[in-house]
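Architecture at a glance
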Amino acid sequence: MSTLVTEKVEQAIGILTETGTDAWLTFVRETSAHADPVLPLIFGPGTLTWQSVLLLTADGRRIAIVGRLEAEAVRSRGIYETVISYDESLRPALLETLTGLDPQRIAINTSTNDVYADGLTHGMYQILTGYLAGTPYSERLISAEGIIAALRSRKTAAEVAAIRAAVETTRLIFERTFAFIRAGLTERAVADFMHRQIVELGVEAAWDYYSCPAVNSGPDSPVGHAAPGDIVLTPGHLVHIDFGVRQDAYCSDIQRVIYLLRPGEAEPPEPVRRGFATIRAAIEAAMAAMRPGVTGLGVDAAARRVVTAAGYEEYKYATGHGLGRNAHDGGPLLGPLWERYGDTPQRRLEAGHIYTVEPGLAVPGYGYMGLEEDVLVTEDGAVYLGEPQREVWVKGEAAS
């Protein structure tokens, strides 16, 4: 993983040059209690205890200011070429370093839009600005939001490979789950089966264990981030599953739907087929719109139009989100301009970005029709990272 961190640090330096930012300063303490979300990308696993600064500059300098007891451990990582240690106060080393560099624009980790760019706590911000008080640097602080969004979103080849592997593991677990599912089981039993697969394959849940997977059977099951319950899988109902794994630090996030045939049925009824066709068309519309330079807002609008034009209610969430070290990975959002999303839908897609695409709708009387695919943006458009679901999966006598 140290090789990947080195790659991301070099990538970050390039982003500083691209954005006209002289220096990026990440200020942390006791990261076992409160870790800045960017640390895995620019520091790697492990913790920093005393107040610490990780400083990257547009001209390629990589400087760490850390407590003396952690200095050698930081040097041994080989990521930061200059490691400065201190005992009683970080302030003198920080001011001396900034004076030597004299950066005109210093990015710090604060953001009103992106949680992954908002790692600097209010208390740490107060300490930092206190250290800089009376110097010109206190007036040169800017948000690192754009830098962090680009760093998280622009996946390296190694990151893409890791996500592909997570998607393949998820496909295998869905395959086993489809063979296991039958009428009469509860949502909770299905989730328990999938949790056993996580253990067997040596991976983790991509989000909170209790709601990964989310399992919804029929029209009365609450869709969202709730834990699977005791609702029984019943013929004539849809079974919707939202699930992903974290494998080698990177995540997948996929949704699939199954229809349980009633006795005598050879295929899902027309409302189910129509709902599925609508969602498939919405996904394809989003995929067709996903090219470098397009905004997330534009992608969302393309998918959302398909659903509403077919007469279904508008889904009240974004069409997709970034995917990487977390299932929700920050950066541009494939969403509408709703207040809760800030300006993230107005950011532009780039080659190397990875997103989920997940429109959904309710099929009255049958349940929730939600699909989710993981896709990579390339120079020529979007490609699936795994085989998409192209037809309703069915279980029952006619499908056996």
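Look up a bit, the structure's there.
Everything in this summary refers to the structure shown in the same document. (Residues numbered from 1 in each chain as written. Predicted model: local features only at pLDDT ≥ 70, side-chain atom pairs only at ≥ 80, totals over all residues. Heavy atoms only, no water.)

1. As for the sheet that holds strand β11 (residues 250-251)
What counts here: One requirement defines pairing of two strands: DSSP has to find at least two bridges between them. Where helices and strands are cited, they refer to DSSP runs of H or I of at least four residues and of E of at least two residues respectively, numbered from the N terminus.
One open sheet accounts for three strands, arranged β7-β10-β11; its pairing is antiparallel. Lying at the two open borders of the sheet, with one neighbouring strand each, are β7 (204-205) and β11. With two bridges joining them, β7 and strand β10 (residues 245-247) adopt antiparallel strand pairing. Within the sheet, the bridge partner assigned to Ala205 lies in β10 and is Val245.

2. Observations regarding the sheet that holds strand β5 (residues 106-108)
Rules: As a rule, the C-alpha atoms of each element are fitted with a line to give its axis, helices using only the stretch in contact, and angles between N-to-C directions run from 0 to 180 degrees. Contact definition: two residues touch when any of their heavy atoms are within 4.5 Å.
A sheet is described by the order of its strands in space; here six strands give the open sequence β4-β3-β2-β1-β5-β6, paired in mixed fashion. In this open sheet, the two edge strands, each paired with only one partner strand, are β4 (82-86) and β6 (141-143). On average, each strand axis in the sheet is tilted by 25° relative to the strand beside it, whichever way the strands run. In terms of strand pairing, β5 meets β6 through three bridges, oriented parallel. Bridge assignment links Ala107 to a residue of β6, and that residue is Ile142. Sheet strands touched by helix α3 (residues 68-77): β2 (52-57), β3 (62-67) and β4. Its angle to β3, the strand with the most contacts, is close to 145°.

3. Looking at empty space enclosed by the protein
We count it as follows: Grid points spaced at 1 Å over the protein atoms alone were grouped into cavities, where a 1.4 Å probe fits but cannot get out, and pockets, open sets with protein on both sides within 12 Å along at least five of seven lines, with lining residues defined by an atom within 4 Å of a point. Grid points are joined across faces, edges and corners, and a volume is the space filled by probe spheres set on the points. Under the grouping applied here, Gly and all other residues not named as nonpolar or charged are polar, the nonpolar ones being Ala, Val, Leu, Ile, Met, Phe, Trp, Tyr, Cys and Pro and the charged ones Asp, Glu, Lys and Arg.
In this structure the tally under the stated criterion is two cavities of 30 Å³ or more. Its boundaries defined by the atoms lining it, the largest cavity holds a volume of some 40 Å³. Contributing to the lining of the largest cavity are Ser153, Lys155, Gly322, Leu323, Asp329, Gly330, Pro332, His353, Ile354 and Tyr355. The class makeup of the residues in the lining of the largest cavity is four nonpolar, four polar and two charged. Size it by volume and the second largest cavity reaches roughly 30 Å³. What lines the second largest cavity is Leu41, Arg152, Lys155, Glu159, Tyr250, Arg325 and Asp329. Along the lines of polarity and charge, the residues of the lining of the second largest cavity split into two nonpolar, no polar and five charged.

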